[in-house]
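# Per-entry structural report
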Amino acid sequence: MPPAPADDPGEAAAAPAPGPRRVLVAYATKHGSAAEISGAIAEELRSAGLDVDVRQAGDVQSLRHVDAVVLGSGLYSATWLREANRFVRVHRAALRKIPVWLFSSGPLDRSADFDDIPMTPHVAEAVGGLPIRGHRTFGGRLVPDAPEVAAGIIATHRTGDFRDFDAIRAWAGEIAAALTA
Ligand SMILES: Cc1cc2nc3c(=O)[nH]c(=O)nc-3n(C[C@H](O)[C@H](O)[C@H](O)COP(=O)(O)O)c2cc1C
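Here's a quick rundown of the structure. (Residues numbered from 1 in each chain as written. Predicted model: local features only at pLDDT ≥ 70, side-chain atom pairs only at ≥ 80, totals over all residues.)

Turning our attention to the site of the ligand. Around the ligand sit 21 residues, and of these Thr 29, Ser 33, Gly 74, Gly 106 and Gly 140 come closest. When residues of the shell around the ligand are traced back to their parent elements, those giving at least two are α1 (33–47), β3 (68–76) and β7 (141–142). Residue contributions to the shell around the ligand peak at three residues, all from β3. Its residues assigned to classes, the shell around the ligand shows nine nonpolar, 10 polar and two charged. (Near = placed C-beta within 6 Å. Helix = DSSP H or I, 4+ residues; strand = E, 2+ residues; numbered from the N terminus. Nonpolar A, V, L, I, M, F, W, Y, C, P; charged D, E, K, R; others polar.)

A few words on unusual backbone geometry. With the exception of glycine, most residues fall at negative phi, and the peptide bonds are largely trans. In this structure, Ser 77 takes a positive phi of about 50 degrees despite not being glycine. A positive phi angle, near 60 degrees, is found at Ala 78, a position not held by glycine. Among the secondary structure elements, Ala 78 is positioned in the loop between β3 and β4 (79–80). By the C-beta count within 10 Å, which is 12 here, Ala 78 ends up exposed. (Buried ≥ 20, exposed ≤ 12 C-beta atoms within 10 Å, placed from the backbone.)

Another aspect to go through is α1. The end-to-end C-alpha distance of α1, which contains 15 residues, comes to 22 Å, matching closely the 21 Å that a straight helix rising 1.5 Å per residue would cover. For α1, the complete set of buried residues consists of Ser 33, Ala 34, Ile 37, Ser 38, Ile 41, Glu 44 and Leu 45. Across the axial projection of α1, the buried residues extend over an arc of 135 degrees, all falling on one side. A positive backbone phi angle near 95 degrees is found at Gly 49, which sits one or two residues after α1. (Expected span 1.5 Å × (residues − 1). Arc of directions from axis to C-beta.)

Next up, the structure:
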């Protein structure tokens, strides 16, 4: 039998506690890029006075004390990593009751700097039914000596760091503004 969801459907509906709003930035990563993006988002949210926790998606047991979530993942074959998809499945009931923003990090080129790249069909399917407040695709990073990446992958993918941290921080600023309005 599958494990029971960690969140009971009513828990996020409790009256908000006084003090700064608590935001969880959760991520799934293979090579650390989405983790660094999450760190930059968290810094920006904190500088707006929010109480922010940054965690690997798989380490989150409950959203009981969380008022808003930012969830992101590196893209592999146009799909979020399993940990991010599992996070959505396990916490779906709670995620339906709080504001949720999503990011994907992937393109190994500058396309994300110029275009608003929508979530991939796989990601859209994974998060379907959730009232998402926003999604952004940011450029990705692949370093030539990435551990556990086969030489064939490095040979067929562009390497480099295509993340735009100004754009990432600006997006986090929009989230902060929405949460502190
Ligand atoms: C095997 C492999 C497959 C990838 N597939 C995609 C993809 O389908 N779409 C995309 O935008 N980026 C793709 N990328 C680029 C990664 O998403 C990018 O390197 C990202 O920054 C990785 O995030 P992470 O370090 O947090 O895991 C791929 C990279 C590798 C190594």
